[in-house]
Amino acid sequence: MPRSKKFRRARLIVIVLVVLLVAGAGYGGYRGVAAVRASFPEVDGSVKLAGLSAPVDVKRDANGIPQLYADTSEDLFRAQGYVQAQDRFWEMDVRRHITAGRLSEMFGDSQVETDSMIRTMGWRQVAQKEFDTVLSADTKKNLQAYADGVNAWLAEHPGGSSASLEYGLLGVVNGGYKPEQWSPVDSVSWLKAMAWDLSGNLQEEIDRSLLAQDFSREKIDELYPDYPYARNGTIVKTGTVNGTAYKPADGSTPAGNGTGTGTTGGTGTGTAQGAAATKALLKDVTDRIDALPELLGRNGQGIGSNSWVVAGSHTTTGKPLLANDPHLGPGLPSVWYQMGLHCRTASPACQYDVSGFTFAGMPGVIIGHNKDIAWGLTNLGADVTDLFLEKVTGPDTYLVDGKEEKFELRKETIKVAGGEDRTITVRTTKTGAPLISDPSTEQQNVGKYAPNGDSAPDRGTGGYGVALQWTALIPGKTMDAIFSLDRAKGWDDFQKAAADFAVPAQNLIYADAKNIGYQAPGYIPVRGKGDGRYPAPGWDSAYQWKKDPVPFSALPWSLNPASGYIVTANQAVVEPSYKYGLTSDWEYGTRAKEITDQIEAKLKNNGKISPDDMQDMQLDNTSILAKTLVPMLLKVEIDDPYVREAQDLLKDWNYHQDADSAAAAYYNGVWRQLLTLAFGQKFPADLRAKDNCLLVREQADPTKPDSKSKIVTECGTRDPGRAQPDGGDRWNEVVRQQLEKPDSGWWTYIDSQHKEQKGLDNLLREAMTNARQELTSLLTKDITTWSWGRLHKLELRERTLGSDDSSIASGAVHKLLNRGPYRLSGGSAAVDAAGWNAAAGYQVDWIPSMRMVIDLNDLDASRWINVGGASGHAFHENYNDQTDLWLKGKLLTWSYSPDAVEKATKHKLTLTNG
């Protein structure tokens, strides 16, 4: 049957299902509802689970959050696998197909490009090596027990609607699909997806190279300014490295020496060859990256998280308080899964009593607390990816130091549902870097038009290729670290666990009843020449990474700093005096400074911080740059009363980006227009949002004597989620610095009359005029009806079925499974980081994906909330039951002790051996 007919048939069935569900009456309506509910988990009574040594209790509260009680670790993780499969198996199945590059087996030829890119990087192969060669025996035992639990559930639900509604939909277009057994490597592979979406500055490296076609290095540096160390500070005061041992500068008490050895490496300024990488070359790579699913959110700069911890001497409870809210891409099911894993009695056979947030498909808990310690994560942002421009000399050779080297070649066969298999050849350099510019069997010429540069080898007929060096492609022990964190009893255990936390590199904050701390972990490369800001010349071995990474013992840490608190919000960890180069692409510290200022204000005059204060700080939606920009906007003389009416909204604005604020709506409209006029008009189409058409100046052709520059309309080509200027924290710093230069060349723009204008005041006037017009078209002419939330909307989209035109899903399917839109407060550089891309529009594209506040004085008084809910089953009562509370900034009580859990229990399921 032709693919299009299959799709129409699937859509027809969905429409029928919608009618049955909505009608909900009569025999047909009953049957429709019953079919959907058939996959809902059994949560009461008793169920057989083969392999258990003793019964396991699964206690769920009203929100469906499970707390598991077992006598052995093996029983605990077997039960965790079973329970997560109950709630989220479809999501788990799709995720493992993504990380293995096997989506085409489920969804057909629309996913071949995605599979090719992931197969080229080899996520699954690396995960297999980790399991086979580096993970501990205990970790392997836990992973296997988890897989056994998943497979026990799968044996009861082999496919079809009894497993989930989505399998019923998939069966219409791919009736032969049956889920495979779960393997331990399926769980380990998910770490590669985490690492990809949190991989640092890869996109910045590409963007700088694309900008280099039109701008000098000095102008590009204005778009990537130095981090404002003096204003926004660092996570820890920069200590010293003696040999390979880091010594804190803030009086921290030493605890544990860590492990690892390494060598120092110099930093450079990039290369002329890297800066000159062509649009044809890097646009191809960008397109491939854009095609990858965003499981956690968009990767790279702009997305972040908040966490902070306050010592007991500064809290109302007398014990430390710890808060965390990771900022990730929104969607349903929620990226997080809340869970408790408890040994009834602590013993060598059962060492876990932990509760917190994890991912469906992974055993253990990623963020949370046990009875002794609590911890949180934010992205460190270390530069762990480098692009290398490779001189390809033949199908299996490339050039290094004037000599030909052989690629390592491997064949990958992609099976395609309803289509023919595709075979690709993956070429990998001797440093382990795959060529991501050519995931196909055909000779690729993506580097065909790359200029040679002064010292680059001739490109010949094969052109250049682009290779990716990435720490996640090196087998690591992060899975060991997760289990070690879950059972850690104090700071020493915490540091030992952190030593194995290889990728993604994270900021780890810590608290126990008496101490607070911070540790920077991660496999962070030491470079030879170059600093990772631009693609490096692969033909020069001096740019290759050193054999050993930054030693863990040399990475920054802090224990009980004199300030009495630690804030991490993706800002710089240390100052440039630190011995090793971690990155030059930090987030710019706006959120971190705001959190720090609020803590300092609370502590002024011996004040104390309460759990309510911690929660309130998470909801701070202040626009910091507005405090600088709004006074300047109000000074601009506006003759048009229509525009002046909108300008007046800013007069008494408190800079809070509340959902019901008209002033916040107008300010952000002006901000978007300012960025477009000052920067967007000047950027190449490869950086601007697809279908976003702007007036730009087309430069004269230097090869034609009579050619003159002219103003034309040009449309962008990039995926909107990664378009520039996105308006994130970097752009706050760019604009802040340029506002001090009223005659800056960036303030030259093309007005609506196709005329070139100059000067800051003129541009601000034009931005206010354009914003008034845009908001009138998007909202109404009547500014009394305006509100930020009407523009700034969140839609929780079902993410596992893909887009309407690339998978089994139609618009009708997504209307069934999506939730929203919701009107949101917050903004991209606010603590309440409801992020949006100013180059594309106002739609929210990353959020505080969960929030938690842990009280070390009384763990049962801790609080948490998720976006969405525990269940991955559409129409289940726990599919989206936490979102309304999250929208209001409320948190659920986080029961932990046996008595508190029992009191909160609404459903109890006993798993018994059988």
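Provided above is the structure to which this section pertains.
Note that the structure is a prediction, hence the values are computed from the model and not measured.

(A) Structural detail: the state of the cysteines. This structure, assessed with the given rule, holds 2 disulfides. For C343, the disulfide goes to C350, at an S-S distance of 2.0 Å. On the S-S bond that ties C343 to C350, the torsion sits near -85°, and the link is left-handed. The disulfide that involves C693 links it to C715, with 1.8 Å between the sulfurs. The S-S bond linking C693 to C715 shows a torsion near 95°; that makes this disulfide right-handed. Taken together, the residues span a long stretch of sequence, with C693 in strand β23 (residues 693-698) and C715 in strand β24 (residues 710-715) at a distance of 22 residues. Overall, the relative accessible area of 37% leaves C693 in the partly exposed class. Assessed through its relative accessible area of 35%, C715 is described here as partly exposed.

(B) Quick look at the packing of aromatic side chains. Under the criterion given, the structure shown has 38 aromatic pairs. Taking the centre distance of 5.2 Å and the plane angle of 75° together, the rings of W491 and Y510 count as edge-to-face. In this pair, W491 sits in helix α16 (residues 491-498) while Y510 sits in strand β18 (residues 506-512), placing the two residues 19 residues apart along the sequence. Of the two residues examined, W491 and Y510, each falls in the buried class. Ring geometry for F679 versus W731: centroids 5.0 Å apart, planes at 55°, classification tilted.

(C) Expanded view of the sheet that holds strand β19 (residues 516-519). Spatially, the 11 strands line up as an open sheet ordered β1-β34-β2-β3-β8-β9-β10-β11-β18-β19-β21, and their pairing is mixed. Bordering the open sheet on either side are β1 (45-48) and β21 (557-559), each of which pairs with just one other strand. Taken over all neighbouring pairs, the strand axes of this sheet differ in orientation by 15° on average, direction set aside. Summarising the sheet, β18 and β19 pair through 4 bridges and their orientation is antiparallel. Bridging from a neighbouring strand, Y510 pairs with G517 of β19. Along the sheet, helix α3 (residues 73-99) makes contact with β1, β2 (56-60), β3 (66-70), β8 (337-343), β9 (353-358) and β34 (907-912), crossing β8 at roughly 155°.

(D) Representation of unusual backbone geometry within the structure. A cis amide bond links L332 to the next residue, P333, at an omega of -10°. By secondary structure assignment, the location of P333 is in the loop between β7 (321-328) and β8. With an omega of 0°, the peptide bond between Q724 and P725 qualifies as cis. Inspection of the secondary structure assignment puts P725 in the loop between β24 and α22 (729-738). Even without being a glycine, D691 presents a positive backbone phi close to 70°. Relative to the helices and strands, D691 resides in the loop between α21 (662-678) and β23. Residue classification places D691 among the exposed residues on the basis of a relative accessible area of 65%.

(E) Structural context of the side chain of E798. Within the element layout of this structure, E798 appears in the loop between β27 (793-796) and α25 (811-817). R799 is the oppositely charged side chain nearest to the buried, salt-bridge-free E798, at an N-O distance of 8.0 Å. Beyond its immediate stretch of four places on either side in the chain, E798 contacts W90, E166, L332, H814, L817, N818 and Y879.

(F) Region of interest: the packing of helix α6 (residues 123-134) against helix α9 (residues 184-197). Here α6 crosses α9 at 125°, and the two axes come no closer than 8 Å. Here α6 is positioned oblique relative to α9, judged by the angle of their axes. For the pair α6 and α9, the crossing hand works out as right-handed. Only P184, V185, D186, V188, S189, K192, A193 and W196 of α9 make contact with α6, whose side of the interface consists of W123, R124, V126, A127, Q128, E130 and F131. Among the residues forming the contact of α6 with α9, the class breakdown is 9 nonpolar, 2 polar and 4 charged.

(G) Just the pairing of β8, in detail. Among the 7 residues of β8, 7 are classified as buried, and the element is accordingly described as predominantly covered. Burial of the side chains of β8 extends over both faces: Y337, M339, L341 and C343 are buried on one face and Q338, G340 and H342 on the other. As paired elements, β8 and β9 share 6 bridges and run antiparallel to each other. Opposite M339, over in β9, you have G356 as the bridge partner.

(H) Looking closely at α6. End to end, α6 covers 16 Å across 12 residues, agreeing with the expected 16 Å (1.5 Å per residue, within 8%). Every buried residue of α6 is listed here: W123, V126, A127, E130 and F131. On an axial view of α6, the arc spanned by its buried residues comes to 140°, and they lie on one face. Along its buried surface, α6 packs onto α3, α5 (112-121), α7 (137-156), α9 and β17 (464-470).

(I) Representation of the packing of α3 against α9 within the structure. Two numbers describe how α3 lies on α9: the axes approach to 9 Å, and their chain directions differ by 65°. Considered as vectors, α3 and α9 are oriented roughly perpendicular to each other. With respect to the hand of their crossing, α3 and α9 are arranged in left-handed fashion. Taken together, the residues of α9 that come into contact with α3 (itself represented by R95, R96 and T99) are D186, S189, W190 and A193. Looking at the contact of α3 with α9 residue by residue, the classes come out as 2 nonpolar, 2 polar and 3 charged.

(J) Inspection of the environment of R231 at higher detail. Within the secondary structure, R231 sits in helix α12 (residues 229-232). For the pair R231 and K593, spaced 362 residues apart in sequence, the C-alpha separation works out to 8.1 Å. Apart from the residues lying within four places of it in its own chain, the contact partners of R231 are K593, E733 and R736.

Rules used throughout
- Within every chain, residues take consecutive numbers counted from 1 along the sequence as written.
- This being a predicted model, a pLDDT of at least 70 is required before a residue's local features are given, and a value of 80 or more before pairs of side-chain atoms are given or counted; all residues contribute to the totals for chains, interfaces and linings.
- With hydrogens and water excluded, all non-hydrogen atoms of the structure serve as input to the side-chain values.
- Disulfides are defined in this document as cysteine sulfur pairs within 2.5 Å.
- Working definition: helices are DSSP H or I runs of at least four residues, strands are E runs of at least two. Numbering for both runs from the N terminus.
- Any residue under 20% of the maximum accessible area for its type is buried, any over 50% is exposed, and the rest in between are partly exposed; the area is computed with a 1.4 Å probe on protein chains only.
- Each aromatic pair joins two rings of Phe, Tyr and Trp (for Trp, the six-membered one) with centres within 6.5 Å, and gets the label stacked for planes under 30 degrees apart, edge-to-face for over 60, and tilted for any other angle.
- The rule for pairing is simple: two strands pair if DSSP sees at least two bridges between them.
- Angles run from 0 to 180 degrees between N-to-C directions of axes, and those axes are lines fitted to C-alpha atoms, restricted for helices to the stretch in contact.
- Contacts were defined at the residue level, with two residues in contact if any of their heavy atoms lie within 4.5 Å.
- Two residue types count as positive, namely Lys and Arg, and two as negative, namely Asp and Glu; His and chain ends fall outside the count.
- Within this document, salt bridges are pairs made up of a side-chain nitrogen of Lys or Arg and a carboxyl oxygen of Asp or Glu, the two lying within 4 Å of each other.
- Orientation is classified from the angle alone, with under 35 degrees giving roughly parallel, over 145 giving roughly antiparallel, 65 to 115 giving roughly perpendicular, and any other angle giving oblique.
- Note: crossing handedness is left-handed where the near helix turns anticlockwise from the far helix by less than a right angle, and right-handed where it turns clockwise.
- Under the scheme applied here, ten amino acids are nonpolar (Ala, Val, Leu, Ile, Met, Phe, Trp, Tyr, Cys and Pro), four are charged (Asp, Glu, Lys and Arg), and all others, including Gly, are polar.
- A helix is expected to reach a length of 1.5 Å times the quantity of its residues less one.
- This arc is built from the directions going out from the helix axis to the C-beta atoms.

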